[in-house]
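Remarks on the overall topology
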Amino acid sequence: MATGNQSNLCSICNKPSAKYLCIGCKKCFCAKNFNEHEQQLSIKFDNEIVRSHDELLDQIRKFKKSNSLSLDLFNLIEQWKNMTINKVEKAQHELTELIDKQRIAIIKQFESITREIRYRREEENFVDNDIDELKQKLEQFTQKDTTKTIIVTNNQID
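Sequence order as written defines the numbering, with residues in each chain counted from 1. Two thresholds apply to this predicted model, a pLDDT of at least 70 for residue-level local features and 80 or more for giving and counting side-chain atom pairs, whereas whole-chain, interface and lining totals are computed over all residues. For side-chain calculations, the full set of non-hydrogen atoms in the structure is used, while hydrogens and water are omitted.

1. Digging into the pattern of salt bridges
The term salt bridge refers to a pairing of a side-chain nitrogen on Lys or Arg with a carboxyl oxygen on Asp or Glu at a separation within 4 Å. Applying the stated criterion across every chain yields a total of eight salt bridges. R103 is the salt-bridge partner of D100, the closest N and O atoms lying 3.6 Å from each other. Linking D100 with R103, this pair stays in helix α1 (residues 31-123), spanning three residues, or about one helical turn. R120 serves as the salt-bridge partner of E116, at 3.6 Å between the closest nitrogen and oxygen. Remark: R120 and E116 occur in helix α1; sequence separation between them is four residues, near one turn of the helix. The pair formed by E116 and R120 is uniform in burial state, with each residue classed as buried. Ionic contacts of the salt-bridge type, sharing partners, join the residues E116, R120, D130, E133 and K137 into one network. Helical segments are the DSSP runs of H or I of at least four residues, strand segments are the runs of E of at least two, and each set is numbered from the N terminus. Each residue is assigned to one of three classes by its accessible area relative to the maximum for its type, calculated with a 1.4 Å probe on protein chains only: buried under 20%, partly exposed between the two thresholds, exposed over 50%.

In structure tokens form, the structure reads like this:
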């Protein structure tokens, strides 16, 4: 605010005693009205600037709180991810065990036929019927469905 020309009229009361010029609005004021103008500017500043600032600050604080909520959601997703990984690893382990059990069962069945074949060869103790019977056992073994259906329900391998 600067001092103006004394011949200027006050922009509020129109008295020629305007001594003050507001450099913001470029209007002239008398001493009384200049003080009122400053008070109005102060009120306007509080109402328009400080209030808007405080509202934005409040929104930022609320955003921080909601950000902590999103952190909780990220933690929950991380827990789901870990549980899912654990379930997949468990399923892989169970499948490996199932395959190993089936492989062992097949090997045992085949060992029985192998022993019988070796015994008959060593002893040279076989006839046409024995050959047909062993051939039939081998064919049954090779035709056996060695692929099993693996069913996954409720996160369990069956």
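Let's pick the thread back up.
2. Some thoughts on the packing of aromatic side chains
A pair of aromatic rings is counted whenever rings of Phe, Tyr or Trp (Trp by its six-membered ring) have centres within 6.5 Å, and the orientation is called stacked for planes under 30 degrees apart, edge-to-face for over 60 and tilted otherwise. Under the definition given, this model contains two aromatic pairs. Taking 4.9 Å as the distance between ring centres and 20° as the angle between the ring planes, the aromatic pair formed by Y20 and F34 counts as stacked. With Y20 in strand β2 (residues 20-21) and F34 in helix α1, this pair connects stretches of sequence that are 14 residues apart. On the basis of relative accessible area, Y20 is assigned to the partly exposed category, the value being 29%.

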